[in-house]
Amino acid sequence: WVDNCQAYKFVEDKHAQPNVAQDPTFMPRDGSPTIQVFIRKEGQEDTPKHLADRGISVEYDVIECEDFTREDGKWAAAMPPGTLLAAGWGADFIPS
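So, a few notes on the structure that sits alongside this text.

Basis of the calculations
- Residues numbered from 1 in each chain as written.
- Predicted model: local features only at pLDDT ≥ 70, side-chain atom pairs only at ≥ 80, totals over all residues.
- Heavy atoms only, no water.
- Phe/Tyr/Trp six-rings, centres within 6.5 Å; stacked < 30°, edge-to-face > 60°.
- Helix = DSSP H or I, 4+ residues; strand = E, 2+ residues; numbered from the N terminus.
- Salt bridge = Lys/Arg side-chain N within 4 Å of Asp/Glu carboxyl O.
- Buried < 20%, exposed > 50% of the residue type's maximum accessible area, 1.4 Å probe, protein only.

Focus on the packing of aromatic side chains
Thought 1: Under the defined criterion, the tally for this structure stands at one aromatic pair.
Thought 2: A centroid spacing of 5.5 Å and a plane angle of 80° characterise the contact between Phe10 and Tyr60, whose relative ring orientation is edge-to-face. Remark: Tyr60 occurs in strand S2 (residues 57-64) and Phe10 occurs in helix H1 (residues 6-14); sequence separation between them is 50 residues.

Have a look at this one:
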């Protein structure tokens, strides 16, 4: 579902990353996924201005989803071309 998930798109948007799906239609069940939020003192490009002005950065990551179904290779295949390399990962990177 990662290639059609509204919650995953939210996280991509927060990272200012290319979207796997431009207009996803799947919404995970209430209470899922778990999105981990890191709040740090250093600034980052995608940090909202009102936080960056105070030296605060925010990062979002999907860390768990009850609706997730494992499909080996799906995540990497769904990524827009060049996204993994632009992020500094090898073309064969698979998150764990």
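Concerning the pattern of salt bridges
Thought 1: Throughout the structure, instances matching the rule amount to four salt bridges.
Thought 2: Note that Asp13 and Lys9 form a salt bridge whose closest N and O atoms lie 3.0 Å from each other. Of this pair, Asp13 and Lys9 both sit in helix H1, four residues apart, roughly one helical turn.
Thought 3: By relative accessible area, which is 40% here, Asp13 ends up partly exposed.
Thought 4: Judged by relative accessible area, Lys9 falls into the buried class, the value being 18%.
Thought 5: Across the salt bridge formed by Asp67 and Arg29, the nearest N and O atoms sit 2.6 Å from each other. Of this pair, Asp67 sits in the loop between S2 and helix H3 (74-78) while Arg29 sits in the loop between H1 and strand S1 (34-40), placing them 38 residues apart in sequence.
Thought 6: Ionic contacts of the salt-bridge type, sharing partners, join the residues Arg29, Glu66 and Asp67 into one network.

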